[in-house]
Amino acid sequence: MTGAESDAPVESEDALRGSTAAVVQLLGCQIVEGGKPRDRHLTVDAVMQEFGITRPMAREVLQTLHQKGLVNLQPRVGATVQALRRWDLLDPDVIAWRLEVAPDSQMRSLTELREVIEPRAARLAARRRS
């Protein structure tokens with residue numbers, strides 16, 4: 001195989017899925033860092049144009065961000081960027097994005113979660129030990 005053949009783009013479903021995941025990460029980070037203000041409307045067309053992706057990919061990106069609570073999807077309106085209190089703060093991607101763009105805030109949230117969970121976990125472990 002020549003160098004030109006190995007550099008050819010792969011048009012597989014996995015390649016498209018990877019591209020969608022990359023756009024989800026980029027747009028998710030933009031939302032988390034405040035680059036997309038709360039209550040801003042994001043249309044499928046705007047996402048297509050900004051990231052140079054297809055309509056189905058843009059829809060999948062917005063649906064994924066909706067499942068993570070970063071946007072709310074509404075017919076005829078598009079996706080509306082949600083406030084922090086609406087986000088799924090236990091989603092691994094949301095945690096990673098917050099650690100990337102706002103590490104102090106994310107670490108504070110994780111510390112608060114640990115303060116709630118660890119004493120209860122220790123009590124349960126002590127009760128169930130042999």
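As the structure is a prediction and not an experimental result, all values here were calculated from the model. (Residues numbered from 1 in each chain as written. Predicted model: local features only at pLDDT ≥ 70, side-chain atom pairs only at ≥ 80, totals over all residues. Heavy atoms only, no water.)

Undergrad: How should the environment of Leu90 be read in this particular structure?
TA: Relative to the assigned elements, Leu90 resides in the loop between strand S3 (78–81) and helix H5 (92–101). Of the residues examined, Leu90 reaches a relative accessible area of 59% and is grouped as exposed. Separated by 22 residues in the primary sequence, Leu90 and Lys68 have C-alpha atoms spaced 9.2 Å apart. In this structure, Leu90 is in contact with Ile95 and Leu113, ignoring residues within four places of it in sequence. (Helix = DSSP H or I, 4+ residues; strand = E, 2+ residues; numbered from the N terminus. Buried < 20%, exposed > 50% of the residue type's maximum accessible area, 1.4 Å probe, protein only. Contact = heavy atoms within 4.5 Å.)

Undergrad: Help me understand the environment of Gly52, please; the structure alone is not making it clear to me.
TA: Residue placement: Gly52 occurs in the loop between helix H3 (44–51) and helix H4 (55–67). Taking the relative accessible area as the measure of exposure, Gly52 reaches 65% and is therefore exposed. With 29 residues separating them in the primary sequence, Gly52 and Val23 have C-alpha atoms 9.7 Å apart.

Undergrad: Just to check I follow, could you spell out the nonpolar core for this structure?
TA: Nonpolar side chains tend to gather and get buried jointly when the protein is soluble and globular. By size, the foremost hydrophobic cluster in this structure holds 23 residues, and its most contacted members are Leu27, Ile31, Leu42, Ile53, Leu65, Leu70 and Trp97. If you tally residues by element for this core, the top one is helix H2 (residues 13–32), at six residues. Residue contacts for Ile53: discarding those within four places in its chain leaves Val23, Val47, Met48, Ala58 and Val61. (Core = buried A, V, L, I, M, F, W, Y, C linked by side-chain atoms within 4.5 Å.)

Undergrad: What am I meant to see in the side chain of Lys68 here?
TA: As for its position among the elements, Lys68 is in the loop between H4 and strand S2 (71–74). Residue classification places Lys68 among the buried residues on the basis of a relative accessible area of 9%. A polar contact is formed between the side chain of Lys68 and the side chain of Asp93, at a distance of 2.8 Å. Apart from residues no more than four positions distant in its own chain, Lys68 is found in contact with Trp87, Asp88, Asp91, Asp93, Val94 and Trp97. (Polar contact = N/O pair within 3.5 Å; in protein donor to acceptor, adjacent residues only side chain to side chain.)

Undergrad: Hey, could you run me through unusual backbone geometry in this one?
TA: Excluding glycine, residues mostly carry a negative phi; peptide bonds, for their part, are mostly trans. Located in the positive-phi region is Asp39, a residue other than glycine, with phi close to 70°. Structurally, Asp39 is set in the loop between H2 and strand S1 (41–42). If you check the backbone angles, Arg76 has positive phi at about 70° while not being a glycine. With respect to the helices, strands and loops of the structure, Arg76 is situated in the loop between S2 and S3. You can call Arg76 exposed: its relative accessible area is 89%.

Undergrad: What should I look at first to understand the pairing of S3 in this one?
TA: Where a strand is regular, its side chains alternate between the two sheet faces. Bridge count for S1 against S3 is two bridges, and the pairing is antiparallel. When the bridges of S3 are listed, His41 appears paired with Thr80. Where S2 lies against S3, four bridges are found, and the strand directions are antiparallel. Paired with Asn72 across the two strands is Thr80, which belongs to S3. Linking S2 to S3, which pair antiparallel, is a turn of three residues; within it Arg76 sits at a positive phi near 70°. (Pairing = 2+ DSSP bridges.)

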